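# Examination of the molecular architecture
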Amino acid sequence: QVQLVESGGGLVQAGGSLRLSCAASGRTFSSYAMGWFRQAPGKERGFVAAITWGGTRTYYADSVKGRFTISTDNAKNTMYLQMNSLQPEDTAVYYCAAKMGSLLLRETSRYDYWGQGTQVTVSS
């Protein structure tokens, strides 16, 4: 059974940084793509970034490009999201997700497994 567990959320001031982690278990993920999504209050869950499990390809939403970095550590079965220059509009619950196949996609419906989410709050 696939399990994704996020951690690393918290409260940070504008301009600060956080690193989110997503620990994956339950199967071999070498043929999977992974993604980060976020959902602010009253808004739909939206795409943040995606990566092939081997880390060879990445894809970012325009709103985070140049500020966020997605990566994987295959030895630890973990995906990360390094978030720099955080702004209040980045405040949301952040979710990690996994999908079979190596296509990097932004649609939530294309992802097969989801974590429980971790709250990120950026104060102004």
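Presented here is a report on the structure given in the accompanying data block. The shown structure was predicted, so the numbers you read here are calculated from the model rather than taken from an experiment.

Conventions we followed
- Residues numbered from 1 in each chain as written.
- Predicted model: local features only at pLDDT ≥ 70, side-chain atom pairs only at ≥ 80, totals over all residues.
- Heavy atoms only, no water.
- Phe/Tyr/Trp six-rings, centres within 6.5 Å; stacked < 30°, edge-to-face > 60°.
- Helix = DSSP H or I, 4+ residues; strand = E, 2+ residues; numbered from the N terminus.
- Buried < 20%, exposed > 50% of the residue type's maximum accessible area, 1.4 Å probe, protein only.
- Contact = heavy atoms within 4.5 Å.
- Core = buried A, V, L, I, M, F, W, Y, C linked by side-chain atoms within 4.5 Å.

## A closer look at the packing of aromatic side chains
- Per the stated rule, a full pass over the model turns up 8 aromatic pairs.
- Ring centres of Phe 29 and Trp 53 lie 5.4 Å apart, and the angle between their planes is 35°; this geometry places the pair in the tilted category. Residue Phe 29 is located in the loop between β3 (18–25) and β4 (32–39), and its partner Trp 53 is located in the loop between β5 (46–52) and β6 (58–60); the two are separated by 24 residues in the primary sequence.
- Looking at Phe 29, the relative accessible area reads 2%, which means it is buried.
- For Trp 53, a relative accessible area of 5% puts it in the buried group.
- A centroid spacing of 5.7 Å and a plane angle of 75° characterise the contact between Phe 37 and Phe 47, whose relative ring orientation is edge-to-face. Taken together, the positions of Phe 37 in strand β4 and Phe 47 in strand β5 put the pair 10 residues apart, joining distant regions of the chain. Side by side, Phe 37 and Phe 47 carry an identical accessibility label, which is buried.

## Here we look at the environment of Phe 29
- Expressed as a C-alpha distance, the spacing of Phe 29 and Val 122, which sit 93 residues apart in the sequence, is 32 Å.
- Leaving out residues up to four positions away in the same chain, Phe 29 has contacts with Val 2, Ala 24, Met 34, Trp 53, Asn 77 and Ala 98.

## Notes on the nonpolar core
- Counting residues in hydrophobic clusters, the biggest one holds 37 residues, and the most contacted among them are Trp 36, Leu 81, Met 83 and Tyr 94.
- Mapped onto this core, the elements with two or more residues apiece are β3, β4, β5, β7 (68–73), β8 (78–83), β9 (92–100) and β11 (118–123).
- Contacts of Leu 81, omitting those with residues within four sequence positions, involve Leu 18, Arg 19, Leu 20, Trp 36, Val 48, Ala 49, Phe 68, Thr 69, Ile 70 and Tyr 94.

Note that every value here comes from positions in space, so none of it alone points to a role or purpose.
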